[in-house]
Amino acid sequence: MLFGLEPSRSPVRLRRLRRTEALRRVVRETRLNAAQFIWPLFVRSGTGLRTPIGSMPGVFQTSVDELVKDAGRAVEAGIGGVLLFGIPDQKDSVGSSAWDPHGPVAEGVRAIKAAYPRLLVITDVCMCEYTDHGHCGVLTGDGDVDNDATLELLAREAVAHAEAGADIIAPSDMMDHRVGRLREALDEAGFSHLPIMSYAAKYASAFYGPFREAAESTPSFGDRRSYQMDPSNAREALREVRQDVAEGADILMVKPAGAYLDIIAAVKQDTGLPLAAYQVSGEYSMIKAAAERGWIDGDRAMMESLVAIARAGADLIITYFALDAAAALRAR
């Protein structure tokens, strides 16, 4: 007996609430909003550049002037913000272009903020786009990534982005204790108000392949499995996120998203902090490629994949589908 009422003698028919779109809409449990979406963008120096990424249909490397046009599209679509990745003119062994105050990310942040001051601008903080070897930090003599030496370079990059006007700093390198070092550096530079969105559980994934073309960041030797997480490990993800929380992370991230929905759910339940999930390049490109071949309905697959990420517990979804998904939501 429920609330003192006799159970209904009529058979339960769950299909009653699925019969029409109007019914389905009012009982829908997970709802997407364009403001949840963060749009990753790739910026480089020059003018009038919009270079397509072959493995990512609809994604481009742009110059700053074209980046500002995309920022305008983001504002018009009502999406939550943009995440900037930089492609430098020159690379070296320590990635010194990462903290160049006139580098593409810094110039891009300033230009967006001048044109659209209310648009949220997040900057990726890592070394892989800037080093000539493609790894996420400075190397030791035997070719390993030097964790603690890399922290100092990341701190310089984070402060440079903050000085340019970034709203959120997002370290993606997976060095131990980088959140604490960045928090310290930002505070010392007068940016104690600036949030850190940590790539807290970032796995060494095969789904990153197309991104490496977009960011020109393929390692020249080896791989990143000595610092990114083993896809087999779930409990370790909670250790990673708890460490980042202890060091001052304001927002956490799980990357990739689609193959790690269990991790998204576990992190949300364990921490309760605002949680982002990155629908990465391979996830995007697989849907695009299958849709181009007529194997799946691309728009439905796009929205279903995003709903799954939100249903797992993500508050923010970083996705190359941001504009298309926002348009689809407006059309409903």
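Above this note sits the structure.
Please read these numbers as outputs of a predicted model, since none were measured by experiment. (Residues numbered from 1 in each chain as written. Predicted model: local features only at pLDDT ≥ 70, side-chain atom pairs only at ≥ 80, totals over all residues. Heavy atoms only, no water.)

Caption draft 1: Just the nonpolar core, in detail. The biggest cluster of nonpolar side chains holds 108 residues, and the ones touching the most others in it are Phe37 and Tyr278. Element by element, the count of residues in this core is highest for helix H4 (residues 147–164), at 9 residues. The contact partners of phenylalanine 37, leaving out residues within four places of it in the chain, are Leu32, Ile79, Gly80, Gly81, Leu306, Ile317, Thr319, Ala322, Ala325, Ala326 and Leu329. (Core = buried A, V, L, I, M, F, W, Y, C linked by side-chain atoms within 4.5 Å. Buried < 20%, exposed > 50% of the residue type's maximum accessible area, 1.4 Å probe, protein only. Helix = DSSP H or I, 4+ residues; strand = E, 2+ residues; numbered from the N terminus. Contact = heavy atoms within 4.5 Å.)

Caption draft 2: Spotlight on the pattern of salt bridges. Following the criterion strictly, the structure yields 20 salt bridges and no others. A salt bridge links aspartate 167 to lysine 113; its shortest N-O distance comes to 2.6 Å. Pair noted here: aspartate 167 is in the loop between H4 and strand S6 (168–171) and lysine 113 is in helix H3 (residues 104–115), with a separation of 54 residues, a long-range link. Put simply, Arg50, Glu66, Lys69, Asp70 and Arg73 are held in one network by salt bridges that share partners. (Salt bridge = Lys/Arg side-chain N within 4 Å of Asp/Glu carboxyl O.)

Caption draft 3: How the structure looks around the pairing of strand S5 (residues 120–125). Counted residue by residue, S5 has 5 buried out of 6 residues, so it is predominantly covered. As paired strands, strand S4 (residues 81–87) and S5 are joined by 4 bridges and run parallel to one another. Looking at S5, one finds that leucine 83 is bridged to isoleucine 122. Remark: the S4/H3/S5 crossover connection has right-handed handedness. Sheet topology places S5 next to S6; 4 bridges connect them, and they run parallel. Paired with aspartate 124 across the strands is alanine 170, a residue of S6. (Pairing = 2+ DSSP bridges. Right-handed = clockwise from strand over helix to strand, strands pointing away.)

Caption draft 4: Quick look at unusual backbone geometry. Along the chain, lysine 255 connects to proline 256 via a cis peptide bond; the corresponding omega equals -5°. We note that methionine 174 has phi near 70°; this positive angle belongs to a residue other than glycine. Turning to its location among the elements, methionine 174 is positioned in the loop between S6 and helix H5 (178–188). Given a relative accessible area of 4%, methionine 174 falls into the buried group. The backbone phi angle of histidine 177 is positive, close to 70°, even though this residue is not glycine.

Caption draft 5: Structural detail: the packing of aromatic side chains. Evaluation of the coordinates by the stated rule reveals 9 aromatic pairs. Geometrically, the ring pair formed by tyrosine 278 and tyrosine 320 is tilted, given 6.1 Å between the ring centres and 45° between the ring planes. You can see tyrosine 278 sitting in strand S9 (residues 275–279) and its partner tyrosine 320 sitting in the loop between strand S10 (316–319) and helix H11 (322–331), a full 42 residues away along the chain. Put simply, the rings of Phe42, Phe85, Tyr199, Phe211, Tyr278, Tyr284, Tyr320 and Phe321 touch in pairs and so form one group of aromatic residues. (Phe/Tyr/Trp six-rings, centres within 6.5 Å; stacked < 30°, edge-to-face > 60°.)

Caption draft 6: A look at a positive patch on the surface. A cluster of basic residues, Arg13, Arg15, Arg16 and Arg18, forms a positive patch at the surface. Its location among the elements puts arginine 18 in the segment before helix H1 (21–26). Residue classification places arginine 18 among the partly exposed residues on the basis of a relative accessible area of 49%. (Patch = residues over 30% accessible without salt bridge, like charges linked within 9 Å, V, L, I, M, F, W, Y side chains within 5 Å. Areas by Shrake-Rupley, 256 points an atom, 1.4 Å probe, with all protein chains shown as cover. Lys, Arg positive; Asp, Glu negative; His and termini not counted. Charge placed at Lys NZ, Arg CZ, Asp CG, Glu CD.)

Caption draft 7: Spatial organisation of the environment of aspartate 142. The residue aspartate 142 is located in the loop between S5 and H4 in this model. For the pair formed by aspartate 142 and aspartate 100, sequence separation is 42 residues and the distance between their alpha carbons is 28 Å. Of note is the side chain of aspartate 142, whose polar atom sits 2.4 Å from the side chain of threonine 140. (Polar contact = N/O pair within 3.5 Å; in protein donor to acceptor, adjacent residues only side chain to side chain.)

Caption draft 8: Region of interest: a nonpolar patch on the surface. A surface patch of nonpolar side chains, amounting to about 260 Å² of accessible area, comprises Leu17, Val26 and Val27. Counting through the fold element by element, leucine 17 comes out in the segment before H1.

Caption draft 9: Representation of H5. Restricting attention to buried positions, one finds in H5 the residues Arg178, Val179, Arg181, Leu182, Arg183, Ala185 and Leu186. Looking at the buried positions of H5, the neighbouring elements they touch are S5, H4, S6, strand S7 (197–202) and helix H7 (235–247). One or two positions beyond H5, positive phi appears at glycine 190, with a value near 90°.

Caption draft 10: Layout of the environment of arginine 178. Within the fold, arginine 178 resides in helix H5. Relative accessible area serves as the criterion here: at 1%, arginine 178 is assigned to the buried category. Here the alpha-carbon distance between arginine 178 and valine 109, two residues 69 residues apart in the chain, equals 22 Å. The residues touching arginine 178, leaving out its near neighbours within four places in the chain, are Leu151, Leu154, Pro171, Asp173, Ser198, Tyr199, Ala200, Asp244 and Glu247. In terms of polar contacts, arginine 178 uses its side chain to reach the backbone carbonyl oxygen of proline 171, at 3.3 Å.

Caption draft 11: Region of interest: the pairing of S4. Most of S4 is tucked away, with 7 of its 7 residues classed as buried. What you see with S4 is no split at all: Gly81, Leu83, Phe85 and Ile87 on one side and Val82, Leu84 and Gly86 on the other are buried throughout. As judged from the 7 bridges shared by strand S1 (residues 37–44) and S4, these two strands associate in the parallel manner. Pairing of tryptophan 39 across the sheet is with valine 82, part of S4.

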